[in-house]
Structure formats: structure tokens, C-alpha cells
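Structure at a glance
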Amino acid sequence: MDPSEVEFLAEKELVKIVPNFSLDKIYLIGGDLGPFNPGLPVDVPLWLALNFKQRQKCRIIPPDWMDVEKLEEIRELEKREEAFTPVPSPYYMELTKLLLNHASDNIPKADEIRTLVKDIWDTRIAKLRLSADSFISQQEAHAKLDNLTLLEINTIREFLLNSLNCMFKLRSNLQAGSSGRTFTDY
Amino acid sequence: MSEAAFDDSEINQEDDSQEDVMTPAELIAKLEEAWLNEKFSPELQENKSEVVECVMEQLTHMESNLQRVKKGDTKASIHRMEVDRIRFVLTSYLRSRLQKIEKFFPHVLEREKSRADGEPSLLSPEEFAFAKEYYDNTEAYLKAVALKRMPPNLQSIDMLKAVPEPCLDSFVFLRVKEKQENILIEPETDDQREYVVDLEEGSQHLMRYRTIAPLISNGAVKLI
Amino acid sequence: MMFCEKAVELVRELQRLSDGQLPAFNEDGLRQVLQEMESLYDQNQADVNEAKAGRSDFIPSIKLRHSCLLRNQRCVTAYLYDRLLRIRALRWEYGSVLPANVRFHMCAEEVEWFSQYKKSLASFMRSIGGGEGLDITQDMKPPKSLYIQVRCIKDHGEFEIDDGTIILLKKNSQHFLPRWKCEHLIRQGVLEHVLS
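Because the structure is a prediction, the values reported are computed rather than measured.

1. Remarks on the overall build of chain B
When helices and strands are tallied, chain B shows seven helices and five strands. In chain B, the succession of helices and strands from N to C terminus is α-α-α-α-α-α-β-β-β-β-α-β. For chain B, the proportion of its 224 residues judged to be buried stands at 38%. Contacts spanning at least 24 positions in sequence make up 69% of the contacts within chain B whose residues lie at least 6 apart.

2. What to know about the interface of chain A and chain C
Counting residues at the interface gives ten residues for chain A, matched by eleven residues for chain C. Going through the elements one at a time, helix H1 (3–10) and helix H2 (46–54) of chain A are the ones with two or more residues in the side of chain A that touches chain C. At five residues, H2(A) tops the list of elements feeding residues into the side of chain A that touches chain C. Residue classes in the side of chain A that touches chain C are distributed as six nonpolar, three polar and one charged.

3. Let's talk about the domain arrangement of chain A
All names here are of chain A. The domain boundaries assigned to chain A delineate domain 1 (1–61) and domain 2 (66–186). Measuring from the centre of the C-alpha atoms in domain 1 to the corresponding centre in domain 2 gives 29 Å. Listed by partner, the interface residues are 13 residues for domain 1 and 13 residues for domain 2. Only H1, H2 and strand E5 (58–61) provide two or more residues apiece to the side of domain 1 that touches domain 2.

4. Some words on the packing of H2(A) against helix H4 (residues 92–103) of chain A
Helix-helix packing is described using two parameters, namely the angle between the two axes and the distance between the axes. All names here are of chain A. At a minimum axis separation of 10 Å, H2 and H4 run at an interaxial angle of 10 degrees. In this view, H2 runs roughly parallel relative to H4, as classed from their interaxial angle. When the axes of H2 and H4 are compared, the crossing they make is left-handed. Contacts from Leu-46, Leu-50, Lys-53 and Gln-54 in H2 reach Leu-95, Leu-98, His-102 and Ala-103 in H4. Its residues placed into classes, the contact of H2 with H4 shows five nonpolar, two polar and one charged.

5. Concerning the sheet that holds strand E1 (residues 171–176) of chain B
Across the sheet, four strands lie side by side as E6(A)-E4(B)-E1(B)-E5(B); this open sheet has antiparallel pairing. Either end of the sheet is taken by a strand with one partner, and the two such strands are strand E6 (142–144) of chain A together with strand E5 (221–223) of chain B. In this sheet, neighbouring strand axes are inclined to one another by 30 degrees on average, regardless of whether the strands run parallel or antiparallel. Bridge count for E1(B) against E5(B) is three bridges, and the pairing is antiparallel. Across the sheet, residue Leu174(B) finds its bridge partner in E5(B), namely Leu223(B). Here helix H7 (residues 209–217) of chain B sits on the sheet in contact with E1, strand E4 (204–208) and E5 of chain B, set at roughly 120 degrees to E4(B).

6. Points about helix H2 (residues 49–67) of chain B
In an α-helix there are 3.6 residues to a turn, and that puts residues three or four apart on one side. If you check H2(B), its first and last C-alpha atoms are 27 Å apart, about what 19 residues at 1.5 Å a residue would give, namely 27 Å. Taken together, the buried positions of H2(B) are Val52(B), Val55(B), Met56(B), Gln58(B), Leu59(B) and Met62(B). Each buried residue of H2(B) lies within a common arc of 160 degrees when the element is viewed along its axis, so the set occupies one face. Opposite the buried face of H2(B), by more than 90 degrees, sit the exposed residues Ser64(B) and Gln67(B). Lining the buried residues of H2(B) we find helix H1 (24–40) and helix H3 (74–103) of chain B together with helix H5 (108–131) of chain C.

7. Structural notes on the interface of chain C and chain B
Note on interface size: it is often stated as the accessible area lost on association of the parts. Every contact between the two is made by 35 residues of chain C and, on the other side, 36 residues of chain B. If you list the elements that add at least two residues to the side of chain C that touches chain B, you get helix H2 (27–52), helix H3 (59–94) and H5 of chain C. Split by residue class, the side of chain C that touches chain B holds 17 nonpolar, eleven polar and seven charged.

8. Looking at the domain arrangement of chain B
Residues and elements named next belong to chain B. By domain assignment, chain B separates into domain 1 (1–165) and domain 2 (167–224). Facing nine residues of domain 1, the contacting portion of domain 2 comprises ten residues. A class-by-class count of the residues in the side of domain 1 that touches domain 2 yields three nonpolar, three polar and three charged.

9. Some words on the packing of H2(C) against H3(C)
Residues and elements named next belong to chain C. Contact pair H2 / H3: the axes reach a minimum separation of 9 Å and the direction vectors enclose 155 degrees. Of the possible angle classes, the one that applies to H2 and H3 is roughly antiparallel. For the element pair H2 and H3, the recorded crossing hand is left-handed. Contact residues: Leu-30, Val-33, Glu-36, Met-37, Leu-40, Tyr-41, Gln-43, Asn-44, Asp-47, Val-48 and Ala-51 in H2; Ile-59, Ser-61, Ile-62, Arg-65, His-66, Cys-68, Leu-69, Asn-72 and Val-76 in H3.

10. Observations regarding H7(B)
Residue and element names in this part refer to chain B. Every buried residue belonging to H7 is among Tyr-209, Thr-211, Ile-212 and Ile-216, and all of these are buried. The arc that holds every buried residue of H7, seen down its axis, measures 135 degrees, which confines them to one face. Of the exposed residues in H7, the ones pointing more than 90 degrees away from its buried face are Pro-214 and Ser-217. Its buried side turned inward, H7 meets H1, E1, strand E2 (180–185), E4 and E5.

11. Focus: the UniProt feature "domain: DNA replication complex GINS protein SLD5 C-terminal" (unreviewed entry) in chain B
Under the feature "domain: DNA replication complex GINS protein SLD5 C-terminal" (unreviewed entry), the UniProt entry names residues 166–224 of chain B. Helix makes up 15% of residues 166–224 of chain B and strand makes up 42%, while its end C-alpha atoms are separated by 19 Å.

12. Some words on the UniProt feature "domain: DNA replication complex GINS protein PSF2 N-terminal" (unreviewed entry) in chain A
Mapped onto this numbering, the UniProt entry gives "domain: DNA replication complex GINS protein PSF2 N-terminal" (unreviewed entry) at residues 2–61 of chain A. Between the C-alpha atoms that bound residues 2–61 of chain A the distance is 28 Å, and the span itself is 28% helix and 33% strand.

13. Structural notes on the UniProt feature "domain: GINS subunit" (unreviewed entry) in chain B
Mapped onto the present numbering, the UniProt feature "domain: GINS subunit" (unreviewed entry) falls on residues 76–144 of chain B. End C-alpha to end C-alpha, residues 76–144 of chain B measures 53 Å, and it is 83% helix and 0% strand.

14. Topic: the environment of Lys57(A)
Residues and elements named next belong to chain A. Structurally, Lys-57 can be placed in the loop between H2 and E5. For Lys-57, a count of 17 C-beta atoms within 10 Å corresponds to the partly exposed category. The spacing of Lys-57 and Phe-21 is 36 residues in sequence and 6.9 Å in space, taken between C-alpha atoms. Sequence-distant contacts of Lys-57, that is, excluding residues within four places in its chain, are made with Pro-19, Asn-20, Phe-21 and Phe-52.

What counts as what
By convention here, each chain's residues receive numbers from 1 onward along its written sequence. In the order they appear in the text, chains get letters beginning with A and ligands get numbers beginning with 1. Only residues with pLDDT of at least 70 get local features here, since the model is predicted, and only at 80 or more are side-chain atom pairs given and counted; chain-wide, interface and lining totals rely on the full set of residues. The helix and strand labels rest on DSSP assignments: H or I over at least four residues marks a helix, E over at least two residues marks a strand, and numbering proceeds from the N terminus. Buried, partly exposed and exposed are defined by the number of other C-beta atoms within 10 Å of a residue's own C-beta, namely 20 or more, between the two limits, and 12 or fewer respectively, with C-beta atoms placed from the backbone. We call two residues in contact when their backbone-placed C-beta atoms lie within 7 Å. Charged residues are taken to be Asp, Glu, Lys and Arg, nonpolar residues to be Ala, Val, Leu, Ile, Met, Phe, Trp, Tyr, Cys and Pro, and polar residues to be all remaining types, Gly included. An automatic or database domain assignment supplies the residue ranges for each domain. Here, axes are lines fitted to C-alpha atoms. For helices the fit covers the stretch in contact, and angles between N-to-C directions go from 0 to 180 degrees. Here is the rule for angles: anything less than 35 degrees is roughly parallel, anything more than 145 is roughly antiparallel, 65 through 115 is roughly perpendicular, and the remaining ranges are oblique. Whether a crossing is left-handed or right-handed is set by the direction in which the near helix is turned from the far one by less than a right angle, anticlockwise for left-handed and clockwise for right-handed. Two strands pair under a simple rule: DSSP has to find at least two bridges between them. To estimate how far a helix should extend, the number of its residues minus one is multiplied by 1.5 Å. It is the directions from the helix axis to the C-beta atoms that the arc portrays. UniProt positions are given in the numbering used here, feature names are shortened, and annotations may be inferred rather than shown by experiment.

Put into C-alpha cells, the structure is as follows:
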């Protein structure tokens, strides 16, 4: 899956904004939004929040977890545990990236947050590489992957699936060996 | 900005007389799930013509409303952004289906031919028409440019053998929507044994497509 | 020369190139394979008659030639089919009118296949959604609701952005535009992305 498509899915996540304008409720196909009143927080999908933000029509309130203390806890837990720990959002990485790139003035301690999330990501990706490696070398047929996010899966998807397919083909060639053709019509 | 020329309050509130009707939001969720399932599965999934038609209806309706709006209206621009997003999912979904139809056309048509009465059709009517034309066109091409110039006993080929089949033994990532018990995991090598697993609701797994293929069509799992 | 060498060479010719490229149709190579097939077949016809008349020692060479015939057939169809896949991919990349250098490399039958493919695709797209119609060759990338700063490199005239506002794209003017709206103008060299 193209990374831009994962980002596209992440943009559906709701974030809180504080608009500086008034607008009645909007009846979108995917659900209702608003009403919008100056100074009153309201939930909107990220794609819209970023659009408003860029046109200086709102301030974005960062999600609860986008907080130095909370992220430090998550980082420590992620390092301690062998398994993947639950993430604060299924799109934590994309949300961090998009919000920090387009609304960093609304996020306190943006730089620290960027570093913390990157640490968490790196720890998780290192675990993921290890598990992928053992999955292949043990020739497992099933793995449980709770708490992994789509973007994380996406980083190993092609490589892992292609390797598994390739190994499967090699193995089945070894076993079968009898796909001989019969030539009947000379 | 406070006075919106575009009144959208009626658009999505037409059919609430009928019960059991999917809300537009549920419809979009269905489309997105079908999109990801199609993107990640090695073989073509059942067609979702009703979903495609309903989404098209929603889009057309919204677009025709947007035609009547004066330029620069804020609400309208938000609706346009949403329409663009939905149209992307819809076209991407139909593209991945068409790609598989082209890639596996003899097998897709064969499955359609051997389908039992009452079994849901793999292809929508327009996809079926496309697949048949693609088959005929490609076969005619191979004949015209080479096969008819070959010795008499080699002037045709078996398309089912010549075009690769989808590999159902591919691994896929999935999330469980409804708990499933006793899913049989077949061994990978001779010195392993088969075993069963339970798929808890909300859990995620990596396993062979073949094992869980039926669970995709009944909506118990979705591919991720 | 070894049997099937020409046919394998056809396949190699495509394998050497990356996916997006379409080399000139190798009519000469194809003709040589077909000639080899003809002579293999003629020899087999003669030997089969001998074998029927009792010369069972001819059977192994008949079998060998037949395998070569099948292999030639397989390589030729693989060559032709792979070219079709490349042409198909170009349709999705360039739209329904292929660049002249691509068309120049296609044989007459490929042109015919391609025009039929375009027809099938068009009628498929027209019939989507119960006859409503949808161009699925558009919207290839996820839309972005983001805006970017762009500078106009040459005069382009009026341009309507998504919310219906019309702006004038004049040389050296700068604009804050939805990215998805100006991507193709950037590609055409009308606008350039101003990085802040």
C-alpha cells in the first residue's frame, strides 16, 4: 500500500479544533459536523482540521496523548516490554507527522514530542524486524500481531510477504517434483 | 463565512422512513472495507455492485447540489473535499478489481462459468462484459500475430494454463471483527503439526489467505 | 544453433528492460522462431510416418522436437503477452493517446489490440453505477486538502480553484493554492512549488 494511502486513512481521525468563525452544521455524506462557533471546541476529521488551519480559520487542540509526560511513559513501557504495547492512536505516527508539520504552533513542546514519537516508532520497528525474522526462520504459519498499526505493518508488508511467497514456491517445488507433462499430440 | 449559501440539511435525510436502510456513513465504511480487502487479497473478491451504485448515487446527488452553489461558499468547498475523498476510494477500489480481472482473466471467467446457481457472482455485469472482451481481444491478438503462423497442432493455447493463477497461499494481515473458533493452521513443513487457533474479536493476525478467505466474504475478518 | 535459442532471446529482450519500457516489435526475431518451428514440424511429420511404419527408434527425436515446438510456442506467447501488459500500463500512465515513440514501436496487431482495449475500458467506465459512468483513470492519488505556496513561471491565464474562486496565473505572481489542484500545472512547468 502506498504510504500516501495510509496517510489518507489517518486523515479520517477526529481531532478537536477551536474555530474562529461561525458556520451551521454541515451534513457530510460520512456524517454531520459542527456547528462551528468562534472559541468553541468541535471535533472534525484531520483533513478538514489541516485545511482550516492552513487558511488560519482555527487552532488545533492536540490529542491528549500528544504530551511529553504521557509519551515518555509509553516510550519506557515500549522499551521494557517484549511484545508490542498498545499505542495511543492507530495512526499515532501519521497524526504526529501531520500535526507537527502543519500546526506545530498549536502543540506545546513540539520538538520533544517529535523525538519521543520517533523513539517509540524506532523501538517498535526494531521489534517488528526481529519478529519478522523469527517468523521466517521458524517457518511459522501463523502470527498474532495485536497492537501493530497499519503504517507499521506497511513498512514490512512487501518484503515479508514476497519472501514468504518465494519460500513457499521453493518448498512446493521441492515436494511436488512430479508436474511432468505428457505429450500426446505430436 | 457565517452565512452559508449552500443548504445541505436535506441531502442525507431523505429515506429515514424506511428502517434497516444503511446510513450514508455506514455505506462509506462498507466501501472502504471492500477497498482494503480488495487491495490486500491475492484473488478477486465478490463484487459489491450495490455499494458502488449507492455511493455513486450519493456522489452524483451531492455534485449536482454543488453545481447550484455560488462560488467561494465555505460549506460547498468542504463538501467538495469530501466528495474528492470518496471518489478516490471508489475509483481506487474499482481499479484494483479491474487490475485483478486483467491479470487473472481466464481464471476469473472460469470461476464465473462454474458458479452454482444462487452463488453470488464474482463479477458485476459490467466487469463480466469487460473480462470477456479482454479475453477475446487478447486471444484474437495472439492468433493474428503468431499462433495462426505456427504448425497446425500449435495454433491454439490453453489460456487457463498460460496465464498465472492467483496464489491463494499468499500470506495476508487481517483484523478480526467477529470471534472465530478453531481455525485450522496447516503446517508449513513436514516436521510441524497442524494446530488450531481462536481468532478473538479485535485481534490481528498474519496467516495464509486460503485459511481465512471465506471469513472475508462473510465479513468476520477484514484485511489490513 | 541450438533449438529455441531465438525464442528465449525474445523473452530476454524484454527481461533486460525495466517494466515501463516498450522496445520495437521484433518482427524479425519472431519470424526466425516461426521458421524454426516450421522446419521442426516438417521433420517430425516425416519421422512420425517412419515411426508408424515401425521405426520406433525415431520416437525420442520426435519427442525432443515436439518439446522444442512447445517451448517455442510458449516463449513467443510470453513475449507477446508481456508486451501487451506493458502497453496496458502505458495506457494508465499516459491516457488514451500514447506518445509517438511508443506507438512507433508497436506492430499493427498491437495497435488493434490497444484500440479494442481502450474501447472495452471506456464502455466499462460508462456503465459503472448502473449507467451513471465514472472515469476511474482519474483520481489515481489520494486527494490532499492541503494548500501550498506556488510561483507562476509563465502566463497561464485564468484558473478556477476548487471552491469556485477564479484567480489569474500571471508570470511571477505567487499563490496559495490547494495542492491537488496545481499538481498537474507544476508538472507542466506552469507553476513551481515555493518552499518556505
